[in-house]
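Structural characterization, general
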Amino acid sequence: LPLPSIVASRAAASRDRLEVASIDLYQLHWPNPIVPARTQAAGLRRVLNAGVARHVGVSNYGLGRWRALEAALRRPIISNQVRFNLANPSPRWDLVPYAAERGRLVIAYSPLAQGLLAADDPASRRNGTRRMNPLFRGEALRRARRLLAAVREIADAHGATPAQVALAWVIAHPNTAAIPGARSLEQLEQNAAAADLLLAPDELARLTGEAERVD
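Definitions and limits used
- Residues numbered from 1 in each chain as written.
- Predicted model: local features only at pLDDT ≥ 70, side-chain atom pairs only at ≥ 80, totals over all residues.
- Heavy atoms only, no water.
- Buried < 20%, exposed > 50% of the residue type's maximum accessible area, 1.4 Å probe, protein only.
- Helix = DSSP H or I, 4+ residues; strand = E, 2+ residues; numbered from the N terminus.
- Contact = heavy atoms within 4.5 Å.
- Pairing = 2+ DSSP bridges.
- Right-handed = clockwise from strand over helix to strand, strands pointing away.
- Axes fitted to C-alpha atoms, helices over the stretch in contact; angles between N-to-C directions.
- Salt bridge = Lys/Arg side-chain N within 4 Å of Asp/Glu carboxyl O.

Some points on unusual backbone geometry
Here the phi dihedral of Glu19 falls at roughly 60 degrees; this positive angle occurs in a residue that is not glycine. The class for Glu19 is exposed, based on a relative accessible area of 72%. Even without glycine at this site, Asn60 takes up a positive phi of about 65 degrees. By relative accessible area, Asn60 is classed as buried at 15%.

A closer look at the side chain of Ser14
Looking at the element boundaries, Ser14 is found in helix α1 (residues 3–18). The residues touching Ser14, leaving out its near neighbours within four places in the chain, are Ile23 and Tyr26.

Thoughts on the environment of Ala172
Here Ala172 lies in the loop between α7 (162–171) and β5 (176–179). Among the residues examined, Ala172 registers a relative accessible area of 45% and is labelled partly exposed. Residues Ala172 and Leu199, spaced 27 residues apart in sequence, show a C-alpha to C-alpha distance of 8.2 Å.

Observations concerning the pairing of strand β4 (residues 105–109)
Where burial is concerned, most of β4 is hidden: 4 out of the 5 residues are buried. Taken together, the 5 bridges between strand β3 (residues 79–83) and β4 define a ladder with parallel strand orientation. Residue pairing across strands places Gln81 opposite Ile107, the latter belonging to β4. Crossover handedness for the path β3 to helix α4 (residues 95–102) to β4: right-handed.

Some points on the sheet that holds strand β2 (residues 53–59)
Pairing is parallel in the open sheet, where 5 strands are placed in the order β1-β2-β3-β4-β5. What marks the edges here is a single partner per strand, and that holds for β1 (23–28) and β5. When the angles between neighbouring strand axes are averaged without regard to direction, this sheet yields 30 degrees. Bridging between β1 and β2 involves 5 bridges; their strand directions are parallel. What sits directly across from Gln27, in β2, is Gly57. The strands touched by helix α3 (residues 63–73) within the sheet are β1, β2, β3 and β4, with β2 carrying the most contacts at an inclination of about 150 degrees.

Some remarks on the pattern of salt bridges
Evaluation of the coordinates by the stated rule reveals 7 salt bridges. In this structure, Arg92 and Glu212 form a salt bridge, with 4.0 Å as the shortest nitrogen-oxygen distance. Linking Arg92 in the loop between β3 and α4 with Glu212 in helix α9 (residues 201–214), this pair joins segments that are 120 residues apart in sequence. Look at Glu212 and you get partly exposed, because its relative accessible area is 37%. One salt bridge in this structure joins Glu210 and Arg146, with 3.0 Å as the shortest N-O distance. Placement of Glu210 in helix α9 and of Arg146 in helix α6 (residues 145–158) is noted, with a sequence separation of 64 residues between them. Glu210 gets classed as buried once you look at its relative accessible area, which sits at 10%. The partly exposed category is assigned to Arg146, whose relative accessible area is 46%. Linked by salt bridges that have partners in common, Arg146, Glu210 and Arg213 make up one network.

In structure tokens, the structure reads:
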């Protein structure tokens, strides 16, 4: 099957597994440098025209690829799901402004940097997949010390957790949502409470400045 047909058939299969009439948001998970934007757009167009999904988005796309695919589709690609956190702040320079300007959404995955921004002692939590994360090793971990200290200090000032401060910084950006993981009901409740944590402009600026030292 040609790629547009594959995209459409896989979207339809996902819809059927979900047992819904239409998927609210269907995203391409990774950019494919081999497949032209117009070919990918043809697949997404079939998904939309057939009513399989109401909206389409992408994941892990840089601004150039996002704009190119949107131009080829000639319809809004409403979301871009990317790694965005205090240790990986670069989306705030291009993706977030684009989303705010065009009425799109940046969906921040790994907003706690696999727990780095929630840990009291990140060096002691280098296990599992974190062993492969360069943020938990050597020079990168040393560069993060000032950032982590700032997160803890601001958390103490608000009676919040470091994780809540890290999440509050992410969602303080316009047109940005965060999708943190949770291992327990308590973590889930704490993550949700971060939406009510309002950081002062000077606190946001301090966190941003420290984040730029790490990135």
